[in-house]
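These are the residues of each chain, in order.
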Amino acid sequence: MSTYTASVRDRGHSDVLVIGSGSAGATAAITAAQEGASVTLIERYGFMGGISTQVLDTFYGFFTPGQTVRKVVGGVPDLVVKTLIQRGKAIVRPNTYGAGQGITYDPETLKMVWETLAVEAGVRILYHTLVIDVLRDGDRVTGVVAATRNGLISLTAAVVIDASGDADVAAAAGVPFEGAADGPLQSLTTTFRLINVDTERARAVKKDELHALMADASEHGYTLPRREGSVHITPLAGVMATNMTRVSGVDPTDTEQLSQAEIEGRRQAAEYTRFLVDRVPGYEQALLASLSTQIGVRESRRIFGEYRLTREDVLGARKFEDAIACCGAPIEDHHAGSDTVWHYLPEGETVDIPFRCLLPQGAEHLLVAGRCLSADHDAHAAIRSMGQCMAMGQAAGVAAVQAARAGASPRDIPIKGVQDRLRQIGAVI
Ligand SMILES: Cc1cc2nc3c(=O)[nH]c(=O)nc-3n(C[C@H](O)[C@H](O)[C@H](O)COP(=O)(O)OP(=O)(O)OC[C@H]3O[C@@H](n4cnc5c(N)ncnc54)[C@H](O)[C@@H]3O)c2cc1C
């Protein structure tokens, strides 16, 4: 709808407007600005990173899992990792929980890294700004309306990138999507970090041992919904980070349900801390130091785009003419229940991510990037790793700039030009 008039202040026009500064949006904004476009980035919180800094500390998806380790993400995502390593706040960590080699970082440092790279590239950042609607001219998305402390504002652009994770912009523009009404979504997780851990003894507790301790504790007065949760070392001495809690059956786009999930996630974090301190070697003196900024949402809305990536595509390592990124990460399903289910691609293989998965049906001059891409539930469960979200953001950034320069909608620009430029800047296609 485009009915906002007198009470909405116009805050300008950009070549590219990015909504959401998660792994996808941050990379899209940095890439588009490095390509020479004027870029405005809108974020509802007061820092960049989305789940990468609100909830997590390990990039997966850069490498294929298994014995044949192959790096499958490059370009601007490498710059992010390089900057973290230069600051001494990232470690490459072999993974024993299924996703392959990861890059574990300090999320507080990553907030500054994202921001530094964006500012250096010339991105205009608007924090504390919540997009609530779109501006349209027929099928063309021309901008967004956002709520700020100073009232409603509007921003317009040649191309809009929806990297909100929840497809807020696409949904407001009437793009069809699948969500909680269409089948079970992945469970939500409040992560937490413990300080004062004897990390040498704690890391000596192997995965199976930890799971056995969880199973035993569950029979002796501890309420642990997920009994295959993980805990890992961090670049900070004495600090361990967890991925343990599980809140299921929630529609993350419903404020009432999300509020209850936040309360339940924190309650579980306290209970898992009690378990670790009481029952696991190395945690005897540990203290709960921090909780994720909000409960981690793995899946909410998946848009319908020009192509919909499927489980068969992923497990068959399918290749596409319009590939803009690739993924070797397994399907990782955090369903309701005590375990997590993993399905792997053939050893060392990757599936392509087609550009058409970023092109929403029925909306022009709009791209999506990140976890709201066009994919079925299972394909999404592989492609959502942060490495792939960054790679999609990078592709969306390049495509948006080329479309803005041509005065065209992203679906009308030659895909070869996007692919050529992506390869030039280091993307792996
Ligand atoms: C608990 C959990 C554990 C995971 N573990 C891993 C892991 O270990 N490694 C890994 O690689 N991946 C992991 N994933 C997956 C991965 O983290 C996400 O899929 C990925 O970070 C999504 O990135 P994104 O940019 O698409 O979305 P998000 O990171 O969700 O970013 C969206 C951004 O948009 C902002 N936003 C949303 N709506 C609006 C609006 N209306 N207006 C303004 N701003 C808005 C948000 O604040 C946010 O900053 C995990 C996910 C979860 C939830």
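The structure displayed is predicted, hence computed values, not measured ones.

### Side note on the nonpolar core
For soluble globular proteins, the rule of thumb is that nonpolar side chains tend to be buried together.
In step 1: Counting residues in each nonpolar core, the largest one holds 78 residues, and the members touching the most others are F59 and L367.
In step 2: For F59, the contacting residues outside a window of four places in its chain are S52, V80, V81, L84, Q101, G102, I103, Y105, L110, M386 and M390.
In step 3: Counting residues in each nonpolar core, the second largest holds 23 residues, with I19, V141, L155 and A170 among its members.

### Looking at unusual backbone geometry
In step 1: Although it is not a glycine, H128 sits at a positive phi angle of roughly 50 degrees.
In step 2: Looking at the element boundaries, H128 is found in the loop between β6 (124–126) and β7 (130–137).
In step 3: The exposure class assigned to H128 is exposed, which follows from its relative accessible area of 51%.
In step 4: In this structure, H365 takes a positive phi of about 60 degrees despite not being glycine.

### Considering the domain arrangement of the protein chain
In step 1: Domain boundaries in the protein chain define domain 1 (8–182 + 299–424) and domain 2 (192–291).
In step 2: Taking only C-alpha atoms into account, the centre of domain 1 sits 28 Å from that of domain 2.
In step 3: Across the boundary between the two partners, domain 1 contributes 23 residues, which contact 22 residues of domain 2.
In step 4: Together domain 1 and domain 2 conceal approximately 1,800 Å² of surface at their shared face, both sides included; 56% is due to carbon and sulfur atoms.
In step 5: Counting across the interface, domain 1 meets domain 2 through one salt bridge.
In step 6: In this structure, the salt-bridge partner of R193 is D57, at a minimum N-O distance of 3.2 Å.
In step 7: Linking domain 1 with domain 2 are eight residue pairs in polar contact (both at pLDDT 80 or more), by the criterion used here.

### A few points about the sheet that holds strand β4 (residues 90–93)
In step 1: Judged by pairing direction, the sheet is antiparallel, and its three strands sit side by side in the order β3-β5-β4 without closing on themselves. The sheet is open, and its two edges are formed by β3 (58–59) and β4, each paired on a single side.
In step 2: Pairing geometry for β4 and strand β5 (residues 102–105), over four bridges, is antiparallel. Within β5, the residue paired with A90 across the bridge is Y105.

### Considerations on the packing of helix α11 (residues 386–406) against helix α12 (residues 415–424)
In step 1: Where α11 contacts α12, the two axes come as close as 10 Å, and the packing angle between them is 125 degrees. Classified by the angle between their axes, α11 and α12 sit oblique to one another. Where α11 crosses over α12, the two elements pack in a sense that is right-handed. On the side of α11, the interface is formed by Q394, A395, V398, A399 and Q402, while α12 contributes G417, V418, R421 and L422.
In step 2: Of the residues that constitute the contact of α11 with α12, the class distribution is five nonpolar, three polar and one charged.

### Description of the site of the ligand
In step 1: Residues in contact with the ligand amount to 33 residues; listed here are only the nearest, E43, R44, I51, R384 and M386.
In step 2: A distance of 3.0 Å is found between an oxygen atom of the ligand and a backbone nitrogen or oxygen belonging to A24.
In step 3: Here an oxygen atom of the ligand sits 2.9 Å away from a polar atom, N or O, in the main chain of Y60.
In step 4: Notes on the ligand: free accessible area 1,000 Å², of which the protein chains cover 97%.
In step 5: Where the shell around the ligand is concerned, the elements lending two or more residues are α1 (23–34), α2 (51–54), β3, β7 and α11.
In step 6: Looking at the shell around the ligand residue by residue, the class counts come to 12 nonpolar, 15 polar and six charged.

### What about the side chain of D322?
In step 1: Counting through the fold element by element, D322 comes out in the loop between α9 (311–315) and β16 (323–327).
In step 2: In this structure D322 comes out as buried when scored by relative accessible area, which is 8%.
In step 3: Discounting chain neighbours no more than four positions away, the residues touching D322 are I353, P354, F355, R356, I415 and Q419.

### Details of the pairing of strand β13 (residues 240–243)
In step 1: Along β13, one buried face is formed by M240 and T242 and the opposite face, lined by A241 and N243, is buried too.
In step 2: Here two bridges tie strand β11 (residues 192–195) to β13, and the two strands are oriented antiparallel to one another. In the sheet register, L194 faces β13, and the bridge partner there is M240.
In step 3: The pairing of strand β12 (residues 230–233) with β13 spans four bridges and is antiparallel. Paired with V231 across the two strands is T242, which belongs to β13.
In step 4: What sits between β12 and β13 in their antiparallel hairpin is a turn of six residues, with G238 showing a positive phi close to 75 degrees.

### Considerations on the packing of aromatic side chains
In step 1: The tally for this structure, following the rule as stated, stands at five aromatic pairs.
In step 2: On the numbers, 4.5 Å between centres and 40 degrees between planes, the contact of F59 with Y105 is tilted. Taken together, the residues span a long stretch of sequence, with F59 in strand β3 and Y105 in strand β5 at a distance of 46 residues. When sorted by exposure, F59 lands in the same class as Y105, which is buried.
In step 3: Counting every residue linked through ring pairs, the aromatic cluster contains F59, F62 and Y105.
In step 4: Directly above the ring of F47 sits K111, whose terminal nitrogen or CZ lies 4.2 Å from the centroid.
In step 5: The aromatic ring of F177 is capped on one face by R301, whose charged end is 5.2 Å from the ring centroid.

About the cut-offs
Residues numbered from 1 in each chain as written. Predicted model: local features only at pLDDT ≥ 70, side-chain atom pairs only at ≥ 80, totals over all residues. Heavy atoms only, no water. Core = buried A, V, L, I, M, F, W, Y, C linked by side-chain atoms within 4.5 Å. Buried < 20%, exposed > 50% of the residue type's maximum accessible area, 1.4 Å probe, protein only. Contact = heavy atoms within 4.5 Å. Helix = DSSP H or I, 4+ residues; strand = E, 2+ residues; numbered from the N terminus. Domains from an automatic or database assignment. Buried area = accessible area lost by both parts, 1.4 Å probe. Salt bridge = Lys/Arg side-chain N within 4 Å of Asp/Glu carboxyl O. Polar contact = N/O pair within 3.5 Å; in protein donor to acceptor, adjacent residues only side chain to side chain. Pairing = 2+ DSSP bridges. Axes fitted to C-alpha atoms, helices over the stretch in contact; angles between N-to-C directions. Parallel < 35°, antiparallel > 145°, perpendicular 65-115°, else oblique. Left-handed = near helix turned anticlockwise from the far one by under 90°. Nonpolar A, V, L, I, M, F, W, Y, C, P; charged D, E, K, R; others polar. Near = heavy atom within 4 Å. Areas by Shrake-Rupley, 256 points an atom, 1.4 Å probe, with all protein chains shown as cover. Phe/Tyr/Trp six-rings, centres within 6.5 Å; stacked < 30°, edge-to-face > 60°. Lys NZ or Arg CZ within 6 Å of the ring centre and 35° of its normal.

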